[in-house]
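# Per-entry structural report
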Amino acid sequence: MVARQGRRPGNPDTRETILQAARSAFAANGFASTSIRQIANAAAVDPALIHHYFGSKEKLFLATVRVGVDIRAKIAEVGASRREDLGRVLIRTLITTWDSDAGISLVAAFRAALADPMTSRMVREFLTSVVLAELAAVMHLAPGEAPQRAGLIASQVVGLITARYLLALEPLASMPVESIVAAVGPTIERYLTGDIS
């Protein structure tokens, strides 16, 4: 008899058990202070099984708030553009992602973050320690200015998301992508390279 090759499939409930343990751990300890091993212990599974189901801590976190987007790939997409186009590429990437099929889960996660203090804390810490940090790196922000510039960019992005997708403010809610890129992109570029003192 030949032994089966490959990963063991795990119990059908294992994935949900891991998600529940992760939600509790992220809520209690925050994103940065929670380890895969802690979550594995709480879920009574091998840490390798978490990597099998989710791939990384970042992807596990996104699964806990049900966001079906590969944020690192999107950041890499922005980072691959010319420096002078970064602001417009960032806004174009943002809007096309939120206008896609993934938009429903993104809106749900955003609403949850606004409504629930625990979710808000997890999202805030994830945005700060992963998303904004990686954006600052791909945008080549000077370390001394990175927090302020990244914060200004985040304020513009959060305002745009809130107005277009949560409040559906017209005419912004119906504006074509390129119109928003043309209107908002230069502001992002000023936050990236302009005088913010």
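All residue numbers refer to position in the chain's written sequence, counted from 1. This being a predicted model, a pLDDT of at least 70 is required before a residue's local features are given, and a value of 80 or more before pairs of side-chain atoms are given or counted; all residues contribute to the totals for chains, interfaces and linings. To get the side-chain values, take all heavy atoms of the structure and skip hydrogens and water.

This part is about the pattern of salt bridges. When a carboxyl oxygen of Asp or Glu is within 4 Å of a side-chain nitrogen of Lys or Arg, the pair counts as a salt bridge. Evaluation of the coordinates by the stated rule reveals ten salt bridges. For E16, the salt bridge is made with R23, and the minimal N-O distance between the two is 3.6 Å. The class of E16 is partly exposed, set by a relative accessible area of 33%. R82 serves as the salt-bridge partner of D85, at 2.8 Å between the closest nitrogen and oxygen. Assessed through its relative accessible area of 18%, D85 is described here as buried. Note on exposure labels: buried denotes an accessible area under 20% of the residue type's maximum, exposed denotes more than 50%, and partly exposed covers the range between, all computed with a 1.4 Å probe on protein chains only.

Where helix α2 (residues 36-43) meets helix α3 (residues 47-54), the closest approach of the two axes is 8 Å, and the angle between their N-to-C directions is 105°. On the basis of the axis angle, α2 is roughly perpendicular to α3. Packed against α2, whose contacting residues are I36, R37, I39 and A40, the element α3 presents P47, I50 and H51 at the interface. Between N-to-C directions, angles cover 0 to 180 degrees, with each direction set by a line fitted to C-alpha atoms, over the stretch in contact for helices. The way it works is that DSSP assigns letters per residue, a run of H or I at least four long becomes a helix, a run of E at least two long becomes a strand, and they are numbered from the N terminus. Oblique is the label for every angle not falling under 35 degrees (roughly parallel), over 145 degrees (roughly antiparallel), or within 65 to 115 degrees (roughly perpendicular). Contact between two residues is taken to exist if any of their heavy atoms lie within 4.5 Å; hydrogens are not considered.

As a further point, take the side chain of T64. Among the secondary structure elements, T64 is positioned in helix α4 (residues 57-64). When near neighbours in sequence (up to four residues on either side) are disregarded, T64 contacts L19, A22, R23 and F26.

Attention now moves to the environment of L19. Structurally, the position occupied by L19 is in helix α1 (residues 14-29). Beyond its immediate sequence surroundings of up to four residues, L19 is in contact with F54, L60, A63 and T64.

Moving on: the packing of aromatic side chains. We call Phe, Tyr and Trp rings a pair once their centres come within 6.5 Å, taking the six-membered ring for Trp, and we label the pair stacked below 30 degrees between planes, edge-to-face above 60, and tilted otherwise. By the definition in use, this model includes four aromatic pairs. For the pair W98 and Y165, a centre-to-centre distance of 5.2 Å together with 35° between the ring planes defines the contact as tilted. Placement of W98 in helix α6 (residues 86-99) and of Y165 in helix α9 (residues 146-166) is noted, with a sequence separation of 67 residues between them. Through successive ring pairs, a cluster of aromatic residues spans W98, F110 and Y165.

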